[in-house]
Amino acid sequence: MGLSLIDLSQEIFQGMSVFPMHQPTFIMVNMTHEENMKLTGSKTLGFSARNLLISEHGGTHSDGVWEYNPSGPTIDKMPMEYFWGSAICIDLSHMGPDKYIEPEDLEEALKNSGQEILKGDIVLLYTGHYDRNFGTDKWQTEYTGLSYQGAKWLAHMGVVNIGVDAPAIDHPDDLDFSGHLICGEYHISNTENLCNLDKVVNKRFLYMGLPLKIRDGSGSPIRAVALVED
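This write-up is about the structure you can find in this document.

Calculation criteria
Residues numbered from 1 in each chain as written. Predicted model: local features only at pLDDT ≥ 70, side-chain atom pairs only at ≥ 80, totals over all residues. Heavy atoms only, no water. Pairing = 2+ DSSP bridges. Helix = DSSP H or I, 4+ residues; strand = E, 2+ residues; numbered from the N terminus. Axes fitted to C-alpha atoms, helices over the stretch in contact; angles between N-to-C directions. Contact = heavy atoms within 4.5 Å. Buried < 20%, exposed > 50% of the residue type's maximum accessible area, 1.4 Å probe, protein only. Left-handed = near helix turned anticlockwise from the far one by under 90°. Nonpolar A, V, L, I, M, F, W, Y, C, P; charged D, E, K, R; others polar. Core = buried A, V, L, I, M, F, W, Y, C linked by side-chain atoms within 4.5 Å. Patch = residues over 30% accessible without salt bridge, like charges linked within 9 Å, V, L, I, M, F, W, Y side chains within 5 Å. Areas by Shrake-Rupley, 256 points an atom, 1.4 Å probe, with all protein chains shown as cover. Salt bridge = Lys/Arg side-chain N within 4 Å of Asp/Glu carboxyl O. Phe/Tyr/Trp six-rings, centres within 6.5 Å; stacked < 30°, edge-to-face > 60°. Polar contact = N/O pair within 3.5 Å; in protein donor to acceptor, adjacent residues only side chain to side chain.

Looking at the sheet that holds strand β5 (residues 84–91)
Point 1. With mixed pairing, 9 strands are arranged side by side in an open sheet as β1-β13-β11-β5-β7-β9-β10-β4-β12. Looking at the sheet topology across the chains shown, the edges are occupied by β1 (3–7) and β12 (219–221). Averaged over all pairs of adjacent strands, the angle between strand axes in this sheet comes to 25°, irrespective of strand direction.
Point 2. With 2 bridges joining them, strand β4 (residues 61–63) and strand β10 (residues 189–192) adopt antiparallel strand pairing. Each bridged residue has a counterpart across the sheet, and for Ser62 the counterpart in β10 is Thr191.
Point 3. Across the face of the sheet, helix α2 (residues 103–113) comes into contact with β5 and β7 (122–126) while running at roughly 105° to β5.

As for the environment of Glu107
Point 1. If you trace the backbone, Glu107 turns up in helix α2.
Point 2. Exposure remark for Glu107: the relative accessible area of 42% places this residue in the partly exposed category.
Point 3. Note: C-alpha distance between Glu107 and Thr74 (33 residues apart in sequence) is 31 Å.

Observations concerning the packing of helix α4 (residues 148–156) against helix α5 (residues 178–186)
Helix packing for two helices is described by the angle between their axes and how far apart those axes are.
Point 1. Where α4 meets α5, the axes come as close as 8 Å, and the angle between the chain directions of the two elements is 35°. Two packed elements cross with a definite hand, and for α4 against α5 that hand is right-handed. Only Ser178, Gly179, Leu181, Ile182, Glu185 and Tyr186 of α5 make contact with α4, whose side of the interface consists of Tyr148, Ala151, Lys152, Ala155 and His156.
Point 2. In terms of residue class, the contact of α4 with α5 is built from 6 nonpolar, 3 polar and 2 charged.

Describing the nonpolar core
Point 1. By size, the foremost hydrophobic cluster in this structure holds 50 residues, and its most contacted members are Leu125 and Tyr207.
Point 2. With 5 residues, β7 is the largest single contributor of residues to this core.
Point 3. The residues touching Tyr207, leaving out its near neighbours within four places in the chain, are Leu8, Phe83, Trp84, Gly85, Ala87, Ile122, Leu124, Thr191, Leu194, Ile222, Ala224 and Val225.

As for a nonpolar patch on the surface
Point 1. Taken together, Met80, Trp84, Met208 and Leu210 make up a surface patch of nonpolar side chains, about 370 Å² in accessible area.
Point 2. Note on placement: Leu210 falls in the loop between β11 (204–208) and β12.
Point 3. The exposure class of Leu210 is partly exposed, given its relative accessible area of 40%.

Observations regarding the packing of aromatic side chains
Point 1. Evaluated as defined, the whole model comprises 3 aromatic pairs.
Point 2. The interplanar angle of 85° and the centroid separation of 5.1 Å between the aromatic rings of Phe134 and Trp139 together place this pair among those described as edge-to-face.
Point 3. An aromatic cluster is defined as three or more aromatic residues linked by ring pairs; in this entry it consists of Tyr130, Phe134 and Trp139.

Details of the pattern of salt bridges
Oppositely charged side chains can pair when the atoms bearing their charge come close.
Point 1. For the coordinates displayed, the defined rule picks out 4 salt bridges.
Point 2. Each of Asp76, Lys77 and Asp216 takes part in one network of salt bridges that share partners.

Details of unusual backbone geometry
Point 1. Positive phi is not limited to glycine here, since Asn196 has a value of about 60°.
Point 2. Locating Asn196 in the fold gives a position in the loop between β10 and β11.
Point 3. Of note, the phi angle at Asn202 is positive, near 65°, even though the residue is not glycine.

Some points on α5
Point 1. Buried within α5 we find Ser178, Gly179, His180, Ile182, Cys183 and Gly184.
Point 2. Those residues of α5 that are buried are in contact with β4, β8 (145–146), α4, β9 (161–164) and β10.
Point 3. Positive phi appears at His187, one or two residues downstream of α5, with a value of about 55°.

Brief notes about the side chain of Asp170
Point 1. Within the secondary structure, Asp170 sits in the loop between β9 and α5.
Point 2. A polar contact of 3.5 Å, which involves the side chain of Asp170, links it to the backbone nitrogen of Ser178.
Point 3. Within the local environment of Asp170, its side chain forms a polar contact with the side chain of His180, the two groups lying 2.5 Å apart.
Point 4. In this structure Asp170 touches Tyr143, Thr144, Gly145, Leu146, Phe177, Ser178, Gly179 and His180, once residues within four positions along its chain are discounted.

Nothing here speaks to function; it is geometry throughout.
Pasting the structure below:
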C-alpha cells in the first residue's frame, strides 16, 4: 500500500483574492542578497528575506471560534485535533450558486460517497467552485453555501472542522452567516479557500491543516494537505 500527499492549499501572493472584509496581502523585500553582503561585509554569502502583511484569514485558513463568538476560544487555544485527523470529502459540486446546502443535500452526498461521518471527523465539502471560478470575478460572489440547518446537521454529527473550496462556508447572500453562526454555537472551526478537493472527493484520508500559534488569533493561514492511500 502506497500513500500520496495531496496539497489542498492555495498560493499566497500579493494580489491574491481575499474576502472583502479582510486585509489585502502585501509582500515587501526586507533586504536583497547584495544589500545583506554590503551590510555584513561578507564576500561569499548574502541573505535575502521578504516581509508579509497578511490577514489571519488570508488564503487557505482556519477560523478560531473567537472570530464569530466573543466568548469562544482563539485559534491558539483550540484543540489541535480540530486541525488534523481523520477526514472525509463529500461531493456537492452539482449544486448551483443559487442553492443553499441543506441537510438532505448532505445526507445524499454522504450516501453517494460510501463513507460515514464519525464523531470528531473533519468534513470537506467539494463544491467545484475553485475548479470553475478561481481567478475570475465570480470567485468572491457566486457559490453555494451552508444553510443554518445544513451547518447544524454537520455539528450534530460531531464534525469539528468544516472545510470548503470557496471563500466561505456561508452562502454569499446569507447576511446571517449561518455556517459561522453554528460554528460559534458549537465551538467548532471551519476552513476556507481549499483547493484540489476533486482529488480526495468520496474518500477517507488523514487531513492536516495546522494553524500558526498566533497568540489570541482570530484565525490563521494554514498549509492544508491530505494523506491518501493509493
